[in-house]
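Below are the chains, spelled out letter by letter.
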Amino acid sequence: MTSPPQSWARAERLDAARTVDALHTRTGVRLTLDGPCPGGQVGAAFVCWPDGHRSVLKWRPHSRAADMRAGPLAVTEALRSAGYPAPATELVAQVDDAVVTVQELLPGTTIDHLDQRVLEQALELNQLQADRLADRPDVPAVELHLLEDGPGYCLHQPLREHDRRSAALEHWITAVGADSSAQLAGHDAVHMDFHPGNLLAMDGAITGVIDWDGAARGDRRFDLVTLRFGIHTKEADPGVTQRLDAVLDSFPEEILRPAWAHMSLRMVDWAIRHFTPADVEHWLDLAEQRAS
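### Observations concerning the overall build of the protein
Link 1 in the chain: Assigned secondary structure in the protein consists of 10 helices and 14 strands.
Link 2 in the chain: Taken over the C-alpha trace, the protein has a radius of gyration of 19 Å; the compact-globule value for 292 residues is 19 Å, and the two agree within 12%.
Link 3 in the chain: Seen through its C-alpha atoms, the protein measures out along the principal axes to roughly 55 × 40 × 35 Å.
Link 4 in the chain: With 292 residues in all, the protein has 49% of them scored as buried.
Link 5 in the chain: Long-range pairs, those at least 24 residues apart, make up 73% of the contacts in the protein with a sequence separation of at least 6.
Link 6 in the chain: For the protein, the exposed surface amounts to about 13400 Å²; the carbon and sulfur share of it is 52%.

### Thoughts on the environment of D279
Link 1 in the chain: Relative to the assigned elements, D279 resides in helix α10 (residues 277-287).
Link 2 in the chain: For D279, the side chain forms a polar contact with the side chain of T276, separated by 2.9 Å.

### A short note on the environment of F46
Link 1 in the chain: Tracing the backbone shows F46 in strand β2 (residues 44-48).
Link 2 in the chain: With 32 residues separating them in the primary sequence, F46 and A78 have C-alpha atoms 25 Å apart.
Link 3 in the chain: With near-sequence residues (within four places) excluded, F46 lies in contact with T32, L33, D34, G35, P36, C37, P38, R54, S55, V56 and L105.

### Focus: the sheet that holds strand β5 (residues 98-104)
Link 1 in the chain: The sheet built from 5 strands is open, its strands ordered β1-β2-β3-β5-β4 with antiparallel pairing. The open sheet has two edge strands with one neighbour each: β1 (32-36) and β4 (89-95). When the angles between neighbouring strand axes are averaged without regard to direction, this sheet yields 30°.
Link 2 in the chain: Relative to β5, strand β3 (residues 54-60) is paired through 6 bridges, and the arrangement is antiparallel. Residue pairing for β5: L57 is matched across the bridge by V102.

### Some words on the pairing of strand β12 (residues 205-209)
Link 1 in the chain: Relative to β12, strand β11 (residues 199-202) is paired through 4 bridges, and the arrangement is antiparallel. Looking across to β12, one finds that M202 is bridged to A205.
Link 2 in the chain: What sits between the antiparallel neighbours β11 and β12 is a turn of 2 residues, in which D203 has the positive phi angle 55°.

### What to know about helix α7 (residues 221-230)
Link 1 in the chain: Of all 10 residues that make up α7, 9 are buried, and the element is covered over most of its length.
Link 2 in the chain: Looking at α7, one finds that the buried residues are F222, D223, L224, V225, T226, L227, R228, F229 and G230.
Link 3 in the chain: Those residues of α7 that are buried are in contact with α4 (116-128), β9 (183-184), β10 (188-190), α8 (240-249), α9 (253-274) and α10.

Criteria and thresholds
- Residues numbered from 1 in each chain as written.
- Predicted model: local features only at pLDDT ≥ 70, side-chain atom pairs only at ≥ 80, totals over all residues.
- Heavy atoms only, no water.
- Helix = DSSP H or I, 4+ residues; strand = E, 2+ residues; numbered from the N terminus.
- Rg over C-alpha atoms; globule rule 2.2 N^0.38 Å.
- Buried < 20%, exposed > 50% of the residue type's maximum accessible area, 1.4 Å probe, protein only.
- Contact = heavy atoms within 4.5 Å.
- Areas by Shrake-Rupley, 256 points an atom, 1.4 Å probe, with all protein chains shown as cover.
- Polar contact = N/O pair within 3.5 Å; in protein donor to acceptor, adjacent residues only side chain to side chain.
- Pairing = 2+ DSSP bridges.
- Axes fitted to C-alpha atoms, helices over the stretch in contact; angles between N-to-C directions.

Structure below.
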């Protein structure tokens, strides 16, 4: 039985026009809006600088600029120095309780159809993330939120109250959390949202990886678990899912179980609060494949 609908809090959305005005007041930089970026759940927008070049405006509520510089921006700087196609950050500003960033607009478009060629490139990029933060122990580690709510996502109560399936999944998630560390160990760069919508490509070649706002230090294999969840809603060539599942099967349980539990919590919670009951079932179907 599904519980009665709840008035769960929804994620805040970017008000691009207001943010551009606030950024001008804060920094003196006047940017011109050039339309919304496609996809995403919180929002981003294309902007033009006075010299005419285009960039991407991003907004992260309830954040501090100092934390962004010490965490996600430090991760992308370390990767860029190794030749990884992450965008440069052109401007960072604190606007009220949010951090506003303006980032390099990379070439290419987001991937709608994941084929074997692109998957192999994604796996190679994941290898490049290994040990990139070995000399940066100050970069915060990935927080898994298996026993407590995350900051606006990974909420446990929606799963407990939605229906019996989601409640059983939440029980498994907390059991994994009881046997795991609250943080993901390791010195790799971790994107935290590594899915096809954040991969840019041109002529079958990956040209960029975007949306590093949640990046942290940990184990790069977490991103491949995220990718597995990401292709659950995208078209993929025959064999792509099997190939990625085989990669995940090779992971040690102490990596795979907490990563799978985190992504299950994240996606089912988000679906309960933002989408339809059919979407919730869709994510439960995937989550339960390894929830044992």
